[in-house]
Amino acid sequence: MPLPTSSDVHVDTMLTNVSIAYKNLAYIADQIFPIVPVRRQSDIIPDYSQSYWFRDEAKLRAPGTKSQGGGYAVNKNTTYFCHRYSSRKEIADETRSNADLPFNLDTEATEFVTDKLAMRRENAFATDFFTAGVWGADSTPANLWSNYAASSPIVDLDSYKDTVEGRVGVEPNKLVLGKAVWLQLKNHPDFIDLIKYTQTGVLSEQLFASLSGFAQVLIGRSIITTDKEGTAEASVTYSRIWGKNGLAIYVPPAPSLLRPAAGYTFVWQRVPAAIQYIVRHRDDQAETDIIESNSYFDQRATATNAGQFLSAVVA
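What you see is a predicted model; the values in this text were computed from it and never measured.

Enquirer: Just give me the short version of the pattern of salt bridges, but keep the residues and values in it.
Expert: Applying the stated rule across the entire model yields 12 salt bridges. Salt-bridge contacts for Glu90 lead to Arg88; the nearest nitrogen and oxygen are separated by 2.8 Å. Classification of Glu90 as partly exposed rests on a relative accessible area of 44%. For Arg300, the salt bridge is made with Asp298, and the minimal N-O distance between the two is 2.9 Å. In this structure Arg300 comes out as partly exposed when scored by relative accessible area, which is 30%. Taken together, the shared-partner salt bridges in this structure form one network comprising Asp93, Arg96, Asp106, Arg280, Arg282, Asp284 and Asp289.

In structure tokens:
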């Protein structure tokens, strides 16, 4: 055997240009409801009663007579309250002093706590609004969209849009789909047949939005685990946050007056920032730096009739 051996001349050290970590790369919750920056943690959302605006009350007016009077009611019971959500990562001085490359503890901590707040908003939206019993109606197609031979998703989507328009006077402009639903629709013969002579045969999200008549289509791809910390990694299970469902809603392109909106995300600007902000604390007694992410928000459905939930639309 040749001496020295390879183990005699090399000691394993940490690579400085490669590391392995995991996080969701695409959250969509912040794109569903328009974000409304607010100056107070809670307030009233003026809510005009819908029926007053859909009555045909203009009358013939004879010379010398007054015009037909009318009015509308305003509900002041709709409110928001921006609860505070936070996540922190501590970095002990000893850990910092002993860290080798490629570890950048501050950067890693910032990414970690930032992701925790984004996941909180994602999971909160899916739990509260991507479910049955919230919107004006819940629908499941007569033939699931994964049944290519029998289903007609184009007809179904048109029907759902028409249903919403029949309730609030405007069609949905935004469609949210779980990844499992998107996988079936992007390969559905009804859509492929529409593009086979004019496109490459690949149905992108943008092209799908155009074909189905939505201004925006959002695909929920993120995953989550509910297993407790400390569970052996080989035993941890993951699930899709958005499941096999869909949601068609109308929201204005930006926060607006006198417009219906399925919902808004209210964000308290206690610290002038975007939807969340990072602060750094020092605990001198513990000799520890604390990287903390904070978000004051309230995802609020403001016009449930402007939404149609699509429940379990694929097998």
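Enquirer: Before we move on, could you go through the sheet that holds strand 8 (residues 174–178) and cite the residues and values that matter?
Expert: As summarised here, the arrangement of the 5 strands in space is 7-16-12-8-9, forming an open sheet in which the pairing is mixed. Edge positions in the sheet fall to strand 7 (137–139) and strand 9 (216–220), since each of these pairs with one other strand and no more. On average, adjacent strands in this sheet sit at an angle of 15° to one another, irrespective of strand direction. As paired strands, strand 12 (residues 246–249) and strand 16 (residues 307–310) are joined by 4 bridges and run antiparallel to one another.

Enquirer: Provide a residue-level description of the environment of Ser87, including the pertinent values.
Expert: Take Ser87: it is sitting in strand 6 (residues 83–92). Using a relative accessible area of 15% as the deciding quantity, one classes Ser87 as buried. Those residues within four positions of Ser87 in sequence are excluded, and the remaining contacts are Val113, Lys116, Leu117, Ile291, Glu292 and Ser293.

Parameters at a glance
Residues numbered from 1 in each chain as written. Predicted model: local features only at pLDDT ≥ 70, side-chain atom pairs only at ≥ 80, totals over all residues. Heavy atoms only, no water. Salt bridge = Lys/Arg side-chain N within 4 Å of Asp/Glu carboxyl O. Buried < 20%, exposed > 50% of the residue type's maximum accessible area, 1.4 Å probe, protein only. Pairing = 2+ DSSP bridges. Helix = DSSP H or I, 4+ residues; strand = E, 2+ residues; numbered from the N terminus. Axes fitted to C-alpha atoms, helices over the stretch in contact; angles between N-to-C directions. Contact = heavy atoms within 4.5 Å.

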